[in-house]
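A structural walkthrough
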Amino acid sequence: MATTGRSATERLHYARVEGAEALFTPAFAEYLVRLHDEFAPRIRVLRNKRAEVLTRALNHGIMPTHPPVSEANTGAWQVPPVPEELEKPGIEISGPCSITGMFINALNPGPEGERAEGDLDDDEDSAGHRLIDTVRAAHNRLAAVNRELTYLDQEKGKEYKIAEGELPFFMHRERGLHLDEPEVTVDRVAVSAAILGTALTLFYAGRAQAGRGQGIYFYLPKLEAADEAALYRDLFARSQEFLPFLGSAVIRTIVLVESLPCVYQMEEMLHALGPYAAGLNAARWDLKASMFEYVMADPKSVWPDRFGVDIKTTPFLSNIFRRLVAICLKRGAAPIGGMATALPSPDPEVNRVAAEAIRADKEWEAQQGFLRAWVAHIFHMKTAAEPFKTLRASGWTPTPEMANPDNYPVKIEVPAGPITVEGTRRNVRMVIEYLEGWLNGRGAKGIDSLAGKPGVHPALMEDLATGRMSVAQIAQRIRHKVRASDDPAVHDFALVKRLLQEEVEDILTRLQATVKDDRGRKAYAEAEERYRKAVKIAMRWILNYTELNYRSLGSYTRADLEAIAAAPDVS
């Protein structure tokens, strides 16, 4: 509740990280505090509703389902006309905008000289979830819009700058409604991370975009209910009232369908967003993780190795994607597909295999009616974009049947496939590698979870979603004491701790073999410390999930994680 008589600058406190003072001006403080006062109570209510839905599933087996019949799912409404650039077939490049060199690379042409259609500048799944990351992202977004963004990597002696030519359109992705920013408070109460990130982007990059006549576009992450979409509608509307420079700006949003409850409310969310609705995105990793979480208490719902569960060949998952497209076609919205994560390799054969897999995946998505998808690296950008461009250029259009959501009913099943200790091991390795990157300030990291194994396997750009999914699968197997097909051992915490130790030792052995000089020895020592801590944190994260505590890694401060790493092993 607001404190009478105190100014916004008196009520607002923030950590003095580099660059923050330039952003937290009196004018911005007034805007942020007004948003906090109005929307923080609603967010608390929405979080409680989320918890109730999850509790009903875990404790009583009552799963999420479709809302009652309403105007939102039976009326003849359409979303507002989608901006022309958001209907471009092709690809969006995705990555953290807080890591300046990576952000600049994403905005520039790939090896074939072509830029992505859009840039997903991410402050959510691939960012580090610290205030410094949010602040850097705000500065980088503004500088990129103004074409002033440069970066000098002194260690590599490399300068990054934005190349000439038309930039991709920007898709801003902030942290979700489930997170707070503990380093920014109003009346000593932490500010919602979603409010903070959205406010910073609208106040700075949004002002610059509006001034240039550009649309201001957002991806909305982790939504679970139409009421949450309605909160964003009101947040944007209030921002346009507060900030005169946004009064006539075009603001549009695309909902990330990455939770099980969201699957049942896609149509209702577009309706709730009203004038700000533009489309739906078919997330993969977070959606699977959410499914794990909702069925975690059910011993009959244990999934096989997640790496073999392909959207294209798993019928109930394919139908969710097709239903998403059908809703978009029915309501005039833009359907956006999933991520191609393969990273380039010095080995041409690895790149060839990766390109074939990416092409097949994107051809399937294009044939389902998706306009675009995402890619994690500019190296594979053209390969990922071509199926969408080629199919649409051929004159192909979706059939009337593809625009009927009733043709694609939602049914949650257990995928077919083996359960193996090697699959668990691969999850374990991914989590260790990811946590090491997290402790090093990165929310996205290139990881080969099959390093040293036979076969051709490119490294993948992994982020918080894959970390969450890996942890959830490991925990599900421990919770239900699952036997694997390739090993007589029963999954328990002792087995997983053994795998954690074996994998970290293998990682460190391989890393140590690359050390050539004193500088390398110093870097190795620092990395070893992070990897040892990562194992301890992984144990805690997995144990949390076995206890049905799905707290996000992004909700822990770095001090919290250091304390976990310093504590005795969990058992």
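Residues numbered from 1 in each chain as written. Predicted model: local features only at pLDDT ≥ 70, side-chain atom pairs only at ≥ 80, totals over all residues. Heavy atoms only, no water.

Turning our eyes to something else, we now look at the overall build of the chain. Assigned secondary structure in the chain consists of 19 helices and 15 strands. The C-alpha radius of gyration computed for the chain amounts to 23 Å, which stays within 12% of the reference 25 Å derived for 571 residues, consistent with globular compactness. Considered along the principal axes of its C-alpha atoms, the chain spans approximately 65 × 55 × 50 Å. The buried share of the chain, reckoned over its 571 residues, is 58%. (Helix = DSSP H or I, 4+ residues; strand = E, 2+ residues; numbered from the N terminus. Rg over C-alpha atoms; globule rule 2.2 N^0.38 Å. Buried < 20%, exposed > 50% of the residue type's maximum accessible area, 1.4 Å probe, protein only.)

Attention now goes to the pairing of strand 4 (residues 150-153). As judged from the 4 bridges shared by strand 4 and strand 5 (residues 158-161), these two strands associate in the antiparallel manner. Bridge pairing in strand 5 places T150 opposite K161. The hairpin formed by strand 4 and strand 5 contains 4 residues between the paired strands, and G157 there has a positive phi angle of roughly 65°. (Pairing = 2+ DSSP bridges.)

As a packed pair, helix 12 (residues 315-331) and helix 13 (residues 348-368) sit with axes 10 Å apart at the nearest point and diverge in direction by 45°. One finds that helix 12 runs oblique with respect to helix 13. From helix 12, S318, F321, R322 and V325 reach across to helix 13, where they touch W364, E365 and Q368. When the residues that make up the contact of helix 12 with helix 13 are grouped by side-chain class, the tally is 3 nonpolar, 2 polar and 2 charged. (Axes fitted to C-alpha atoms, helices over the stretch in contact; angles between N-to-C directions. Parallel < 35°, antiparallel > 145°, perpendicular 65-115°, else oblique. Contact = heavy atoms within 4.5 Å. Nonpolar A, V, L, I, M, F, W, Y, C, P; charged D, E, K, R; others polar.)

Next up on the list: the sheet that holds strand 8 (residues 189-192). Here we have 3 strands laid out as an open sheet, ordered 1-7-8, and antiparallel in their pairing. The two strands at the open ends of the sheet, each matched to only one other strand, are strand 1 (12-14) and strand 8. For this sheet, the mean angle separating the axes of adjacent strands, direction not counted, is 50°. Bridge analysis of strand 7 (residues 180-186) against strand 8 gives 4 bridges, and the strand direction is antiparallel. Following the sheet pairing, D180 is matched in strand 8 by S192. Across the face of the sheet, helix 3 (residues 26-60) comes into contact with strand 1, strand 7 and strand 8 while running at roughly 90° to strand 8. In the packing of helix 7 (residues 193-211) onto the sheet, the strands contacted are strand 7 and strand 8, and the crossing angle to strand 8 comes to about 55°.

Once that is clear, we can look at the sheet that holds strand 9 (residues 216-220). Pairing is parallel around the closed barrel formed by 8 strands, whose spatial order is 2-3-6-9-10-11-12-13. If you compare each strand with its neighbour and ignore which way they point, the axes differ by 30° on average. Strand direction decides the pairing type here: strand 2 (residues 90-96) and strand 3 (residues 118-122), joined by 5 bridges, are parallel. When the bridges of strand 3 are listed, E92 appears paired with G118. Docked against the sheet, helix 14 (residues 381-393) engages strand 2 and strand 13 (372-375), running at close to 145° with respect to strand 2.

What follows is about helix 5 (residues 100-107). Here helix 5 lies mainly inside the structure; 6 of its 8 residues are buried. When we look at burial in helix 5, the residues that qualify are T100, G101, F103, I104, A106 and L107.

Along strand 3, 5 of the 5 residues are buried, which leaves the element largely enclosed by surrounding structure. Residues G118, L120 and D122 line one face of strand 3 and the alternating positions D119 and D121 line the opposite face, and both faces are buried. Taking the sense of rotation as the criterion, the β-α-β connection linking strand 2, helix 5 and strand 3 turns out right-handed. (Right-handed = clockwise from strand over helix to strand, strands pointing away.)

By size, the foremost hydrophobic cluster in this structure holds 169 residues, and its most contacted members are F24 and L32. Other than its neighbours up to four places away in sequence, L32 contacts L12, F24, V184, V191, I195, L196 and A199. Listed in part, the 15 residues of the second largest apolar core include I104, A144, I162 and A208. (Core = buried A, V, L, I, M, F, W, Y, C linked by side-chain atoms within 4.5 Å.)

Moving on, we come to the packing of aromatic side chains. Centre distance and the angle of the planes are the two values used to describe a pair of aromatic rings. For the structure on display, the rule yields 21 aromatic pairs. Between Y31 and F242 the ring centres are 6.3 Å apart and the planes differ by 85°, which places this aromatic pair in the edge-to-face class. Of the two residues, Y31 is situated in helix 3 and F242 in helix 8 (residues 226-242); the sequence distance between them amounts to 211 residues. Judged by centre distance (5.8 Å) and plane angle (40°), the rings of Y151 and Y160 are tilted. By relative accessible area, which is 33% here, Y151 ends up partly exposed. Here the aromatic residues Y14, F24, F28, Y31, F203, Y204, F242 and F245 are joined through ring pairs into a cluster of three or more. For the cation-ring pair, R551 lies above Y556, with the distance from its terminal atom to the ring centre recorded as 3.6 Å. (Phe/Tyr/Trp six-rings, centres within 6.5 Å; stacked < 30°, edge-to-face > 60°. Lys NZ or Arg CZ within 6 Å of the ring centre and 35° of its normal.)

The next subject is the environment of L58. Along the chain, the position of L58 falls in helix 3. For the pair L58 and A272, spaced 214 residues apart in the sequence, the C-alpha separation amounts to 28 Å. Setting aside residues up to four positions removed in sequence, L58 forms contacts with E293, Y294, M296, A297, L548 and Y550.

Although it is not a glycine, R188 sits at a positive phi angle of roughly 70°. Structurally, the position occupied by R188 is in the loop between strand 7 and strand 8. By relative accessible area, which is 65% here, R188 ends up exposed. Unusually for a residue other than glycine, K481 sits at a positive phi of about 50°.

Glancing now at the pattern of salt bridges. Opposite charge on two side chains permits them to pair, given that their charged atoms come into close proximity. One pass over the full model with this rule turns up 57 salt bridges. A salt bridge links K522 to E526; the nearest nitrogen and oxygen atoms lie 2.7 Å apart. Here the residue K522 and the residue E526 both occupy positions in helix 18 (residues 518-546), the gap between them amounting to 4 residues, near one helical turn. Among the residues examined, K522 registers a relative accessible area of 54% and is labelled exposed. Taken together, the salt bridges that share partners define one network made up of D122, E124, D125, R173, K222, E258, D286, E293 and R468. (Salt bridge = Lys/Arg side-chain N within 4 Å of Asp/Glu carboxyl O.)

In short, the description is geometric, and any link to function would need to be established separately.
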